[in-house]
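Descriptive structure summary
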Amino acid sequence: MGAAVIQRFIDIIRGKYPLIGALKWGRKYDELCSLGYNCEVAFRLNDLLKTECNHYLFTYSFEHNREKFIECLNNLTDIQNDEYTYQTHGMFYGSKYQISFHPRNKKEDFINKDGSINNQIVKDNLKELLSRIKYLGEKTYKLIHSDKKTLFIIKIKHTNLNEDKEFIEKLYNFFENNYKNTNYKLLCVLGKNNYPANILKYIKKNVNGGKLPHTLQVC
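Conventions adopted
Residues numbered from 1 in each chain as written. Predicted model: local features only at pLDDT ≥ 70, side-chain atom pairs only at ≥ 80, totals over all residues. Heavy atoms only, no water. Phe/Tyr/Trp six-rings, centres within 6.5 Å; stacked < 30°, edge-to-face > 60°. Helix = DSSP H or I, 4+ residues; strand = E, 2+ residues; numbered from the N terminus. Buried < 20%, exposed > 50% of the residue type's maximum accessible area, 1.4 Å probe, protein only. Lys NZ or Arg CZ within 6 Å of the ring centre and 35° of its normal. Polar contact = N/O pair within 3.5 Å; in protein donor to acceptor, adjacent residues only side chain to side chain. Contact = heavy atoms within 4.5 Å.

What follows deals with the packing of aromatic side chains. Inspection of the entire model under this criterion finds 14 aromatic pairs. With a centroid separation of 4.9 Å and an interplanar angle of 75°, the aromatic rings of Phe58 and Phe69 are classed as edge-to-face. Residue Phe58 is found in the loop between α3 (40-49) and β2 (61-63), and its partner Phe69 is found in helix α4 (residues 66-73); the two are separated by 11 residues along the sequence. Just as Phe58 is buried, Phe69 falls in that class too. What links up through ring pairs into an aromatic cluster is the set Phe152, Phe174, Phe175, Tyr179 and Tyr184. Directly above the ring of Tyr29 sits Lys149, whose terminal nitrogen or CZ lies 5.5 Å from the centroid.

This is the structure:
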């Protein structure tokens, strides 16, 4: 895939262009799968597709810890066994993999008139969430082990250059070791305001020993 096409997709993700122009290009993939780290990628995909994107495990999640996220990728059929607690910001947080998920109900639905938490709504939403996580974990596992042509997209949460580079390497190595074939691409989106002007040159020079594989794009 040419650099111009990649740049156009990133510009669309950032809201620079009208979204309908990407539809024809997007059909080159059987699946578009958001890996997080938050919901923004999914929202931009919805805009791009002009419909709700296909849901996978990380479509509407927040990943608090990148190492735990990699661990979760290796245990997609186990994540429903995590211990989840309701947080006052309106999401359920899993302590083992440190990933938060949106519940079925809105944040305000969890609050009683006296300001206390409605425990019955928490219980009902947790039951639904665990069932959904189980289903989406298995669905994501099947996708990763399929022969579909898939574009995986992840927004990189900036820490520092070396840690970001190492995380991209680990993510790339996971897909190289687990995807059924090379019929996929991993697209890593970096916020331009968090990095020096030469960030792409640095990443491309240092990831995978300077030999950026065709299955990985960093923009």
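If you trace the backbone, Asn125 turns up in helix α5 (residues 119-144). Polar side-chain contacts of Asn125 include one of 3.2 Å to the backbone nitrogen of Arg104. Not counting chain neighbours up to four residues away, the residues in contact with Asn125 comprise Phe92, Pro103, Arg104, Asn105 and Phe110.

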